[in-house]
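Architecture and fold: a report
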Amino acid sequence: QHKPIFISSYNLQKLFEKAEARGIVASSYGYYALREWLKGRSIEELVLYRKVRNLCVHKTVPFSKLYPVNHTYDVHLKLEDLDVYLHLAHAASFKRQIVHALKNIGKGVNIIVFNDEGEKEELTSFLPSPTLEGVLLKIGMFMGFVKVMTLKELARFIDDVRGR
C-alpha cells in the first residue's frame, strides 16, 4: 500500500546531492540553485546576492534586484541619503568587478563585497601586481572611491552609516 514519506534534512541533503551529481543544481556555501538560474553568473555570485539580500532584509535596507552581468554594478542599496553600489566578487569575477567599480566612480559609494575573509585575502595578493586593474584599484581604494569588504564588514558599514 501507500507508505508516508518522511522528509528530513538528511533526506533533503541527499536529494540535492543527487541532483547536483546529475547537473541539475549547483551548490556553494550550503546553498543550492538550479543551473538554469545562473544565466552568466556563478553560483558563488548568486549565493553572495542571497546573503546580501538577507542582510538588507534584516537591517531594513532598501535594495535592488540583481542586475545583469554587463551592468556597472550588481546591487544598489539606499542608506539614508547615500547610494551604495555593490559589486559581488569571487575569484572568477574579480577582475570584472574591479573594472565595473572603477567605471562607477562618482556615483555614491562603490563596494566590492566578498563572502568571507579568505576570498578577500585573494584580493590582497592581487594588489601588488603590476596589471592595470591592480594599479587602478589601488588608486581607487586610496582615494576612497572604492571600498573592499566582507559581508560582516558590510553589516558594520551599514550600522556606521545609520549611526547605530
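Our subject in this report is the structure included herewith. (Residues numbered from 1 in each chain as written. Predicted model: local features only at pLDDT ≥ 70, side-chain atom pairs only at ≥ 80, totals over all residues. Heavy atoms only, no water.)

1. As for the overall build of the protein
Looking only at helices and strands, the protein has six helices and six strands in total. Taken from N to C terminus, the helices and strands of the protein fall in the order α-β-β-α-β-β-α-β-α-α-β-α. Taken over 164 residues, the protein has a buried fraction of 41%. Within the protein, residue pairs in contact and separated by at least 24 positions form 53% of the contacts whose partners lie at least 6 positions apart. Accessible surface, the protein: about 9,700 Å² in total, of which carbon and sulfur atoms supply 58%. (Helix = DSSP H or I, 4+ residues; strand = E, 2+ residues; numbered from the N terminus. Buried < 20%, exposed > 50% of the residue type's maximum accessible area, 1.4 Å probe, protein only. Contact = heavy atoms within 4.5 Å. Areas by Shrake-Rupley, 256 points an atom, 1.4 Å probe, with all protein chains shown as cover.)

2. Things to note about the sheet that holds strand 3 (residues 75-79)
Taken together, the four strands give an open sheet; going across it, the order is 3-4-5-6, and neighbouring strands pair in mixed fashion. On the outer flanks of this sheet lie strand 3 and strand 6 (146-150), each paired with one strand and no other. Taken pair by pair, the neighbouring strands of this sheet meet at an average axis angle of 30°, ignoring direction. Note that strand 3 and strand 4 (residues 82-88) share five bridges and pair antiparallel. (Pairing = 2+ DSSP bridges. Axes fitted to C-alpha atoms, helices over the stretch in contact; angles between N-to-C directions.)

3. Some words on the environment of V161
Topologically, V161 is positioned in helix 6 (residues 151-162). Residue V161 is classed as partly exposed on the basis of its relative accessible area of 28%. The sequence separation of V161 and D81 amounts to 80 residues, and the corresponding C-alpha distance is 9.8 Å. The residues contacting V161, other than those within four sequence positions of it, are L79, E80 and L82.

4. Quick notes on helix 1 (residues 9-21)
Taking 1.5 Å of rise per residue, the 13 residues of helix 1 would be expected to cover 18 Å, and the 18 Å separating its terminal C-alpha atoms lies within 8% of that figure. Following helix 1 by one or two positions, G23 adopts a phi angle in the positive range, close to 85°. (Expected span 1.5 Å × (residues − 1).)

5. Looking at the packing of aromatic side chains
Evaluated as defined, the whole model comprises three aromatic pairs. Pairing F16 with Y32 gives two aromatic rings, centres 4.4 Å apart and planes at 10°, and the pair type is stacked. Taken as a pair, F16 in helix 1 and Y32 in strand 2 (residues 31-34) lie far apart in primary sequence, 16 residues in all. Classification of F16 as partly exposed rests on a relative accessible area of 30%. The class for Y32 is partly exposed, based on a relative accessible area of 21%. On the basis of an interplanar angle of 75° and a centroid distance of 5.3 Å, the ring pair of Y67 and Y73 is categorised as edge-to-face. Considered together, Y67 and Y73 belong to a single accessibility category, that of buried residues. One aromatic cluster is present, formed by Y67, Y73 and Y85 through successive ring pairs. (Phe/Tyr/Trp six-rings, centres within 6.5 Å; stacked < 30°, edge-to-face > 60°.)

Without other data, these values stay purely geometric and don't point to any function.
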